[in-house]
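# Descriptive analysis of the structure
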Amino acid sequence: VQLQASGGGLVQAGGSLRLSCAASGGTISRYALGWFRQAPGKERAFVAFVSVIGWSGVNTDYADSVKGRFTISRDNAKNTMYLQMNSLEPEDTAVYYCATLQDGSYYSSHSYNYWGQGTLVTVSS
């Protein structure tokens, strides 16, 4: 599976962006998915997680720093995952990566196997 992240850009604090993660070469429906971000000089950090679609729908989880501001979603028919980011803050500035969960804790980047190339989000104050 190849992942292509897009939708990043420059936005003022308080603004919004929607990131997309489009898959090719395979279907994302079998995978739980995650978003991570890496700010300059920092390690890659968990942002959000969405499970596979099950009987009761999907489960999602977020880093405390983005709860209430970011929303993760998936559209298996379009083979795409999204991250809606509202009320953006300068601290959200980072390269954002999408990935498929292979095994283990979804909080850890080591649990993911396929990664997109990243899209840069810059939030100005």
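Scroll up a little and you will see the structure.
First, a word on scope: everything that follows refers to the structure included in this document. (Residues numbered from 1 in each chain as written. Predicted model: local features only at pLDDT ≥ 70, side-chain atom pairs only at ≥ 80, totals over all residues. Heavy atoms only, no water.)

### Details of the overall build of the protein
When you go through the protein residue by residue, the secondary structure sums to zero helices and eleven strands. Counting helices and strands in the order they occur from the N terminus, the protein gives β-β-β-β-β-β-β-β-β-β-β. Here the protein has a C-alpha radius of gyration of 14 Å; the compact-globule value for 125 residues is 14 Å, and the two agree. Across the 125 residues of the protein, 44% fall into the buried class. Partitioning the contacts of the protein with sequence separation of at least 6, the portion at a separation of at least 24 is 55%. Only carbon and sulfur atoms are counted for the fraction: they give 48% of the accessible area of the protein, which is about 6,400 Å². Computing the positive centroid from 9 side-chain charges and the negative centroid from 8, the protein places the two 7 Å apart. (Helix = DSSP H or I, 4+ residues; strand = E, 2+ residues; numbered from the N terminus. Rg over C-alpha atoms; globule rule 2.2 N^0.38 Å. Buried < 20%, exposed > 50% of the residue type's maximum accessible area, 1.4 Å probe, protein only. Contact = heavy atoms within 4.5 Å. Areas by Shrake-Rupley, 256 points an atom, 1.4 Å probe, with all protein chains shown as cover. Lys, Arg positive; Asp, Glu negative; His and termini not counted. Charge placed at Lys NZ, Arg CZ, Asp CG, Glu CD.)

### Some details on the pairing of strand 5 (residues 45-50)
Side chains on a regular strand alternate between the two faces of the sheet. In terms of residue burial, strand 5 counts as a mostly covered element, since five of its six residues are buried. Pairing of strand 4 (residues 33-38) with strand 5, which is carried by five bridges, proceeds in the antiparallel orientation. If you follow R37 over to strand 5, its bridge partner there is A45. The hairpin formed by strand 4 and strand 5 contains six residues between the paired strands, and G41 there has a positive phi angle of roughly 75°. Where strand 5 and strand 6 (residues 60-62) come together, three bridges link them in antiparallel fashion. Residue pairing for strand 6: V50 is matched across the bridge by T60. (Pairing = 2+ DSSP bridges.)

### Comments concerning the sheet that holds strand 8 (residues 80-85)
Strand order in this open sheet of four strands is 1-3-8-7, and the pairing throughout is antiparallel. Whereas interior strands pair on both sides, the edge strands pair on one side only; in this sheet they are strand 1 (2-6) and strand 7 (70-75). The mean angle between the axes of side-by-side strands here comes to 15°, regardless of whether they run parallel or antiparallel. Relative to strand 8, strand 3 (residues 17-24) runs antiparallel, the two being bridged by six bridges. Within strand 8, the position partnered with L19 by the bridge is L83. (Axes fitted to C-alpha atoms, helices over the stretch in contact; angles between N-to-C directions.)

### Observations concerning the packing of aromatic side chains
Two descriptors summarise a pair of aromatic rings, namely the distance from one centre to the other and the angle between the planes of the rings. In the structure shown here, the tally under the stated rule is ten aromatic pairs. Measuring from ring centre to ring centre gives 6.2 Å for Y31 and Y114, while their planes differ by 90°; the resulting arrangement is edge-to-face. Residue Y31 is found in the loop between strand 3 and strand 4, and its partner Y114 is found in strand 10 (residues 112-115); the two are separated by 83 residues along the sequence. Looking at Y31, the relative accessible area reads 11%, which means it is buried. Look at Y114 and you get partly exposed, because its relative accessible area is 32%. Members of the aromatic cluster, connected to one another through ring pairs, are F36, F46, F49, Y97, Y106, Y107, Y112 and W115. (Phe/Tyr/Trp six-rings, centres within 6.5 Å; stacked < 30°, edge-to-face > 60°.)

What is shown is where atoms sit, not what they do.
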